[in-house]
Structures are given as C-alpha cells and as structure tokens.
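Next come the chains, spelled out residue by residue.
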Amino acid sequence: MLNLNDADLIVVGAGFYGMTIAERAAADGFRVVVTEKRNHIGGNAYTYNDAGTGVEIHKYGPHLFHTNSKEVFDYLSRFTEWLPYEHRTWTTSGGRIYPMPINLATICSFVGRAMSPSEARTWVADNAREVTEPTNLEEKAISLIGRPLYEAFIRGYTIKQWQADPKLLSAEIITRLPVRYNFDNRYFNDIYQYMPKNGYTAIFEQMSLSNQISVHLGVDWFEARPAKTTVPIVYTGPIDRYFNYRLGPLGWRTIDLELETHTGDFQGCPVMNYADIDVPWTRISEFKHFQPQRSYGPNTVIAREFSRSAGLGDEPYYPINLADDRARYDAYRALGDVETDVIFGGRLGTYRYLDMHQAIGAALKTWANQIRPRLTQGAPLGRSED
Ligand code: FAD
Ligand code: UDP
C-alpha cells in the first residue's frame, strides 16, 4: 500500500495529463505522489531507442506534436529542445500511391488529369451533391469530398480502423482531416509542429526531475490505494474502470503494432496508409523518417498497425463513441460528480479523443481553475472538465 501521509495530491497515471498537473503542483511546492500501472512514464506518448538499430520507437503508435496554443508550446519547451518536423502521409489505394490528406495533388492524380483549384472544387461539388445534411461520418465525408474519393480513401480505412460501419460513426471524426484545394500536403495546419529532440520520454523525465516528483511505476491504483484518503486525486485511467464497470464497459478500440527491422529505406516516407479493405493493416510507420535530421545506421524499423475492438484486458486507445457509449459515459460522469475530491481527466478519464496538446492544455486549465484553488484555499474541486 502506498504511503500517502505526506502527500498533498495524488495523480493516477503518468501520461501528459497526469504529469502536467503533477509538475505544476510540485513546482508550487506541493507534495505529489504519482502512481502508474505500466513500468514506464509517458502514457501512450512513450518512446524508446531500439537496442539493435538505435531508431527511436513510439511504442504505442506514431505521435506527432502539433498545436496552435502558444501556452502549451511554451510550457513543453521548458522540458525539451525541438527538431522542426511537418508531418506528411501517403496512402495506397487500388495499387497506386496518393498524398493524404486529400489535396489538389490527390484529386488530380485520382481523376488522371491536371486541374486548377476551381476545377477541382467543381468536380468535388458535383460528386458531393447527394448529401445536403450530413448526420454521420459517411455522409459528412461524402459532403466534403464526394463519393468517389470517399470510396477510394476513406471507407475501407475507416471500417478497418473503427471496426464499425461509417454510417454509425460520429461525423466529427472525419473533420480531423483537412481537405485542401492547393498542393499543401502537410497532415496538420497548426503553427507549431515539431518533434522533441530526444524523444517524448525525455520530456517526462525532465518534468519529474525538475521538482523531484515521486513517481511509482508498476503500481495500479486499484491495488495500491488505501481504504480511505482525504488527499485530492487526479484520476487519468478509464472512467468505467474507476466504477468497476458497474454500468457496463465503454467501447474502445485498441491497436496491435507489429515491429519489423529491414535494411535501407522501407517505404520512403514516415507513414503509409492502406485504404483498401482487403489489406488487413491500416498503416505502416517507419520511425526514422520522423527525424530526418538524425543520422541512423543501415537498418530501419517499421510498425504495421492493426486496429480492433478492445476487450477488458486490452489497452484502451480510442473511444469508439457510438450512441450507446455516449449515454453510458454520461451516466458514469454523473457518478463522477458525486466523487467530490476526484478530478477525472485526460483521454481515458473523460472518454474523449484528445491529442497531446489538448491533454496538456486541459491539464493546465484544470490545474489553474480547480486544483490549485483546492490546494491553496481548500476550495471545492468542482466538476471534472468535459
Ligand atoms: P495516457 O497517455 O493514456 O496516460 C494515462 C496513463 O494512466 C497511462 O500511462 C496508463 O497506464 C495509466 N493508468 C491507467 N489506469 C491506471 C491505474 N489504475 N493505475 C495507475 N495508472 C493507470 N496525439 C497527438 O497529439 N499526436 C499524435 O500523432 C497522436 N497519435 C496517437 C496515436 C495513437 C496510436 C494513440 C493511441 C494516440 C495518439 N495521440 C496523438 C494521442 C495521445 O496519445 C494522447 O493525447 C495522450 O496520450 C493523452 O494523455 P493522457 O495522459 O490523457 O493519457
Ligand atoms: N481516415 C481515412 N483514411 C485515411 C486517413 C484517415 O479514412 O487515410 C479517416 C479515419 O476514419 C480516421 C479519421 O479519418 O479515423 C481521422 O484521421 P486521423 O489521422 O486523425 O485518425 P486517427 O488515427 O487519429 O484516428
């Protein structure tokens, strides 16, 4: 059992949400105890150097940092130097390769002729006319790019990735991807796009070292927690697990990554998506292309990514968020509101697809608006942010 007698704050989970709050609290002189059930810090952003090749691997899948928030960028910059990196992805569909997200080059290549931006807009609009009021992912995608591009690049990939009919998925998932009528083929639009110079794990090490935060690795909160505690808690594990699945499990998607080592350059780009339904993997990442500034040896490491629904023993990666899940999450949140000295935060705690910058931004806000007032003035924590 953990000794919490001296703690001012308990943080469950050493991912970006938990560690940002832990770091802020420790910087203000509060005594923070972090428990992490894995044997490493960093949550899903964890990176390590492969012993055989020296290549930096993103253990839980490729992580690309991008944000428009100066606050988040400045905050993280205290713990790392950066390497400039703008992410670009390609996709294989029907035996041909196209740039992704969909841009003018994708459209010209798909249609098989040179088009101006306005010709491409007209071509897409002609093919998008069938949907006027989109209510789900499929309709939204067709309304944005038309049916032929949807069928070629989105439908098969989405079915493989979400293991669900795109008609049942939320429209907002597809709005994560830009559609551009120019030749800009960057994956993200954001102002700040970088890779941490020494990997993400080094950021977490700096965060914990900077204020001597006590991080207990390999410690599952539910096995280590005392019967009773008066210390406020930031919980970043799955909200359904916190309540012992009493309202049933929430739907999550997990990922299996198969690593392979090859000689030379495997695919010539950081990430290749596979749009066809008959290719079982969704994408392949080749890690050394994430840091073109670094010099590596002759070998390369790739990760083939397979997506599937998560069972209870699997790592929950992406909230599936079907209508049933949404209702169940709302019910769990109502239970969460009764836990007056617990904040449910982060991707797992709020059942939301959060990018890293969003998790950090939310943590900074919750620290300033709820946790700091609780620790300094004894103010009630209030509701967890949604
Ligand atoms: P997590 O990183 O999941 O951390 C939660 C931690 O809590 C975990 O370490 C977990 O082990 C621990 N925990 C859970 N239960 C317990 C317990 N009972 N006791 C103790 N510890 C517990 N974001 C981007 O910005 N760019 C990207 O390119 C990107 N790519 C991604 C690719 C994949 C495949 C995935 C899955 C995510 C990606 N993300 C990306 C999202 C990014 O991983 C999240 O934004 C980030 O991990 C959120 O941090 P978090 O602290 O909320 O959650
Ligand atoms: N998507 C797709 N084809 C692609 C890339 C993305 O159909 O080549 C869809 C898919 O449904 C995905 C969504 O667009 O979930 C958002 O893309 P993003 O890369 O943000 O997906 P993530 O891996 O973060 O879910």
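Up top is the structure.
Cut-offs applied
Note that residues are indexed from 1 along each chain, following the sequence as it is written. Chains carry letters from A onward and ligands carry numbers from 1 onward, assigned in written order. Only residues with pLDDT of at least 70 get local features here, since the model is predicted, and only at 80 or more are side-chain atom pairs given and counted; chain-wide, interface and lining totals rely on the full set of residues. Side-chain numbers come from the whole structure's heavy atoms, not from hydrogens or water. Helix numbers and strand numbers start at the N terminus; a helix is a DSSP run of H or I with at least 4 residues, a strand a run of E with at least 2. We call a residue buried when its accessible area falls under 20% of the maximum for its residue type, exposed when it is over 50%, and partly exposed in between, using a 1.4 Å probe and counting protein chains only. In this text, near means that some heavy atom of the residue lies within 4 Å of the molecule or strand in question. Any pair of nitrogen or oxygen atoms within 3.5 Å is treated as a polar contact; in protein, a donor-acceptor pairing is required on top of that, and neighbouring residues in sequence qualify only through side-chain atoms on both sides. The Shrake-Rupley method, run with a 1.4 Å probe sphere, supplies the accessible areas, and residue values consider only the shown protein chains as cover. Each pair of aromatic rings taken from Phe, Tyr and Trp, with Trp reduced to its six-membered ring, is defined by centres within 6.5 Å and is described as stacked if the planes are under 30 degrees apart, edge-to-face if over 60, and tilted in the remaining cases. Whether a charge sits over a ring depends on NZ of Lys or CZ of Arg being within 6 Å of the ring centre and within 35 degrees of the ring normal. Residue contacts follow a heavy-atom distance rule, with two residues in contact if any of their heavy atoms lie within 4.5 Å. Here the expected span of a helix is defined as 1.5 Å times the quantity of residues minus one. Summarising the geometry, the arc corresponds to the directions from the helix axis toward the C-beta atoms. All axes here are fitted lines through C-alpha atoms, helices being fitted over the stretch that makes contact, and every angle between N-to-C directions spans 0 to 180 degrees. Here a crossing is called left-handed whenever its near helix is offset anticlockwise from the far helix by less than a right angle, and right-handed whenever the offset is clockwise. Under this grouping Gly is polar, as are all residues other than the nonpolar Ala, Val, Leu, Ile, Met, Phe, Trp, Tyr, Cys and Pro and the charged Asp, Glu, Lys and Arg. Two strands qualify as a pair provided DSSP detects at least 2 bridges between them. The crossover handedness rule: strands pointing away from the viewer, path from first strand over the helix to second strand clockwise, crossover right-handed. Nonpolar cores were defined as sets of buried Ala, Val, Leu, Ile, Met, Phe, Trp, Tyr and Cys residues, with membership established by side-chain atoms within 4.5 Å. Counted as salt bridges are all cases of a side-chain nitrogen of Lys or Arg within 4 Å of a carboxyl oxygen of Asp or Glu.

(A) Just the side chain of Thr47, in detail. As for its placement among the helices and strands, Thr47 is situated in strand 3 (residues 47-49). Residue classification places Thr47 among the buried positions, given a relative accessible area of 6%.

(B) The arrangement of the site of ligand 2 in detail. Residues in contact with ligand 2 amount to 16 residues; listed here are only the nearest, Thr158, Trp162, Arg176, Tyr187 and Asn273. In this structure, an oxygen atom belonging to ligand 2 sits 3.5 Å away from a side-chain N or O atom of Tyr353. Burial of ligand 2 by the protein amounts to 96% of the accessible area it has alone, namely 510 Å². A total of six residues in the shell around ligand 2 trace back to one element, the largest contributor, which is helix 6 (residues 147-162).

(C) Summary view of the packing of aromatic side chains. For the structure shown, the criterion picks out 31 aromatic pairs. With 5.8 Å between their ring centres and 40° between their planes, Trp82 and Tyr194 make a pair best called tilted. In this pair, Trp82 sits in strand 6 (residues 82-84) while Tyr194 sits in strand 9 (residues 192-196), placing the two residues 112 residues apart along the sequence. Overall, the relative accessible area of 25% leaves Tyr194 in the partly exposed class. In this structure an aromatic cluster arises from ring pairing among Phe222, Tyr235, Tyr242, Phe243, Tyr332 and Phe344. If you follow Arg38 out to its NZ or CZ, it ends over the ring of Tyr60, 4.0 Å from the centre. A cation over a ring is seen here: Arg241 above Phe222, with NZ or CZ 3.9 Å from the ring centre.

(D) Fine view of the environment of Gly382. In this fold, Gly382 is placed in the segment after helix 12 (356-377). Residue class for Gly382 comes out partly exposed when judged on its relative accessible area of 42%. C-alpha of Gly382 to C-alpha of Ile371: the two residues are 11 residues apart in sequence and 9.2 Å apart in space. Among all residues touching Gly382, those that are not within four sequence positions of it are Ile343 and Gln370.

(E) Spotlight on helix 10 (residues 323-338). With 16 residues, helix 10 ought to run about 22 Å at 1.5 Å a step, and its terminal C-alpha atoms sit 24 Å apart, in line with that. Turning to helix 10, its buried residues are Asp325, Tyr329, Tyr332, Arg333 and Gly336. Projected onto a plane normal to the axis of helix 10, the buried residues spread over an arc of 110° and lie on a single side. Looking at helix 10, the residues exposed on the side facing more than 90 degrees away from the buried face are Ala323, Asp324 and Val338. On the buried face of helix 10, the contacting elements are helix 9 (239-242), strand 17 (342-344) and helix 11 (346-349).

(F) The packing of helix 5 (residues 137-145) against helix 6, seen in detail. Between helix 5 and helix 6, the shortest axis-to-axis distance is 9 Å and the interhelical angle comes to 145°. In terms of crossing hand, the pair formed by helix 5 and helix 6 is right-handed. When helix 5 is examined against helix 6, the residues Leu137, Glu138, Ala141, Ile142 and Ile145 are found in contact with a partner set consisting of Arg147, Leu149, Tyr150, Ile154, Arg155 and Thr158. Taken together, the residues of the contact of helix 5 with helix 6 break down into seven nonpolar, one polar and three charged.

(G) The arrangement of the pairing of strand 1 (residues 9-12) in detail. Of the two faces of strand 1, the one carrying Leu9 and Val11 and the one carrying Ile10 and Val12 are both buried. Relative to strand 2 (residues 32-36), strand 1 runs parallel, the two being bridged by four bridges. For Leu9, the partnering residue across the bridge sits in strand 2 and is Val32. Handedness of the crossover joining strand 1 and strand 2 through helix 1 (residues 16-27) is recorded here as right-handed.

(H) Structural detail: the nonpolar core. Phe16, Tyr200 and Ile371 are the most contacted members of the largest nonpolar core, which totals 49 residues. Mapped by element, the contributors of at least two residues to this core are strand 1, helix 1, strand 2, helix 2 (70-77), strand 9, helix 7 (200-210), strand 15 (299-309) and helix 12. Once residues lying within four places of it in the same chain are set aside, the contact partners of Phe16 are Ala45, Leu76, Tyr200, Ile203, Phe204, Met356 and Ile360.

(I) Up close: the site of ligand 1. Neighbouring ligand 1 are 33 residues; Glu36, His63, Leu64, Leu354 and Met356 lie closest to it. The separation between an oxygen atom of ligand 1 and a polar main-chain atom of Tyr17 is 3.0 Å. Backbone polar atom of Leu64 to an oxygen atom of ligand 1: 2.7 Å apart, as the coordinates give it. For ligand 1, the protein covers 98% of the area, taking 990 Å² as the surface of the free molecule. Contributions of two or more residues to the shell around ligand 1 are made by helix 1, strand 2, helix 8 (221-224), helix 11 and helix 12.

(J) A look at the pattern of salt bridges. For the coordinates displayed, the defined rule picks out 21 salt bridges. The partner of Asp126 in a salt bridge is Arg129, with the nearest N and O atoms 3.0 Å apart. Judged by relative accessible area, Arg129 falls into the exposed class, the value being 58%. Arg283 is the salt-bridge partner of Glu305, the closest N and O atoms lying 3.0 Å from each other.

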